[in-house]
Amino acid sequence: MRSADLLVDAFGRVQEAVHGAVEGLSEDELAVRLDEDANSIAWLVWHLTRVQDDHVAGVFGTEQVWTEAGWKDRFGLPFSARATGFGHSSSQVAKVRAPAELLLGYYDAVHERSLEHLGGLTNADLGQVVDEGWDPPVTLGVRLVSVVAEGNQHAGQAAYVRGVVERRASS
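Residues numbered from 1 in each chain as written. Predicted model: local features only at pLDDT ≥ 70, side-chain atom pairs only at ≥ 80, totals over all residues. Heavy atoms only, no water.

J.: What exactly am I supposed to notice about the overall build of the chain here?
T.: Scanning the chain from terminus to terminus reveals eight helices and two strands. Secondary structure elements in the chain, listed N-terminal to C-terminal, are α-α-α-α-α-α-α-β-β-α. The globule rule puts the C-alpha radius of gyration for 171 residues at 16 Å, and the 16 Å found for the chain is close to it. Its C-alpha atoms give the chain principal-axis dimensions of about 55 × 35 × 30 Å. By residue count, 45% of the 171 residues in the chain fall in the buried class. Contacts in the chain between residues far apart in sequence, at least 24 positions, make up 72% of those at least 6 positions apart. (Helix = DSSP H or I, 4+ residues; strand = E, 2+ residues; numbered from the N terminus. Rg over C-alpha atoms; globule rule 2.2 N^0.38 Å. Buried < 20%, exposed > 50% of the residue type's maximum accessible area, 1.4 Å probe, protein only. Contact = heavy atoms within 4.5 Å.)

J.: Help me understand unusual backbone geometry, please; the structure alone is not making it clear to me.
T.: Among all residues except glycine, the phi angle is most often negative; among peptide bonds, the trans geometry is most common. The peptide bond linking Asp135 to Pro136 adopts the cis configuration, its omega dihedral lying at 5°. Tracing the chain through its elements places Pro136 in the loop between strand 1 (129-131) and strand 2 (138-139).

J.: Would you take a moment to explain helix 1 (residues 3-22) for this structure?
T.: Given 3.6 residues per turn, any residue in an α-helix points the same way as the ones three and four places further on. Between its terminal C-alpha atoms helix 1 stretches 29 Å, which fits the 28 Å expected from 20 residues at 1.5 Å a residue. Within helix 1 the residues assigned to the buried category are Ala4, Leu7, Ala10, Phe11, Gly12, Val14, Val18, His19, Ala21 and Val22. Along its buried surface, helix 1 packs onto helix 2 (27-30), helix 3 (41-60), helix 7 (100-119) and helix 8 (140-170). Positioned one or two residues after helix 1, Gly24 has a phi angle of 85°, which is positive. (Expected span 1.5 Å × (residues − 1).)

J.: What am I meant to see in the environment of Gly12 here?
T.: You can see Gly12 is positioned in helix 1. Spatially, the C-alpha atom of Gly12 lies 9.5 Å from that of Val148, the residues being 136 residues apart in sequence.

J.: Teacher, can you tell me more about the packing of aromatic side chains here?
T.: If you walk through the whole model with that rule in mind, you get six aromatic pairs. Summarising the aromatic geometry, the rings of Trp46 and Phe79 are spaced 5.6 Å apart at their centres and angled 45° between planes, so their arrangement reads as tilted. Of the two residues, Trp46 is situated in helix 3 and Phe79 in the loop between helix 5 (71-75) and helix 6 (90-94); the sequence distance between them amounts to 33 residues. It is Arg74 that lies over the ring of Trp71; its NZ or CZ is 3.9 Å from the centre. (Phe/Tyr/Trp six-rings, centres within 6.5 Å; stacked < 30°, edge-to-face > 60°. Lys NZ or Arg CZ within 6 Å of the ring centre and 35° of its normal.)

J.: Sorry, what's going on with empty space enclosed by the protein here?
T.: Regions of empty space are outlined by a rolling probe, equal in size to a water molecule, passed over the atoms. A complete count under the given rule lists one cavity of 30 Å³ or more for this structure. The computed volume of the largest cavity comes to approximately 40 Å³. Lining the largest cavity, in full, are Gln52, Asp53, Val56, Ala57, Glu63, Val65, Val110, Arg113 and Ser114. For the lining of the largest cavity, the element with the most residues is helix 3, which contributes four residues. (1 Å grid on protein atoms, 1.4 Å probe; cavity = no way out; pocket = protein on both sides within 12 Å on 5 of 7 lines; lining within 4 Å. Points joined across faces, edges and corners; volume = space filled by probe spheres on them.)

Nothing here speaks to function; it is all geometry.
Structure below.
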């Protein structure tokens, strides 16, 4: 098995978790925040998708799906094209509202682009330094694993919020 195959599997698990957290919820349910400073499912999924889009495009030298395929315009959010959600304030988090179809459409487009890049990787490629701004410098393999880790973390948070939303609705 090639390392790229493991990465494809890992990214696929993030996709499953994202779909599990989002499918079947209304836009209002996706926007629920468990307290005034908490992140909503919509923001969590938008953010993890923006990070994946940004980081994968960055290491492979391609345009982000967000701008290239018009997702920024479809979402209509009041953020710059480069915004990924890092450092967002509570009021900025509240501005991320979107229906499930839009969130999943963007996520799936980013996922497909990621798989296109991952498919051709060799084990040797993963050792290439892609970011010298860290000590030690970040390799392609480390960057991709960090994208998967962040995606899983935020998808898990979104699944937790979904559970609370569903429990409240059934009470």
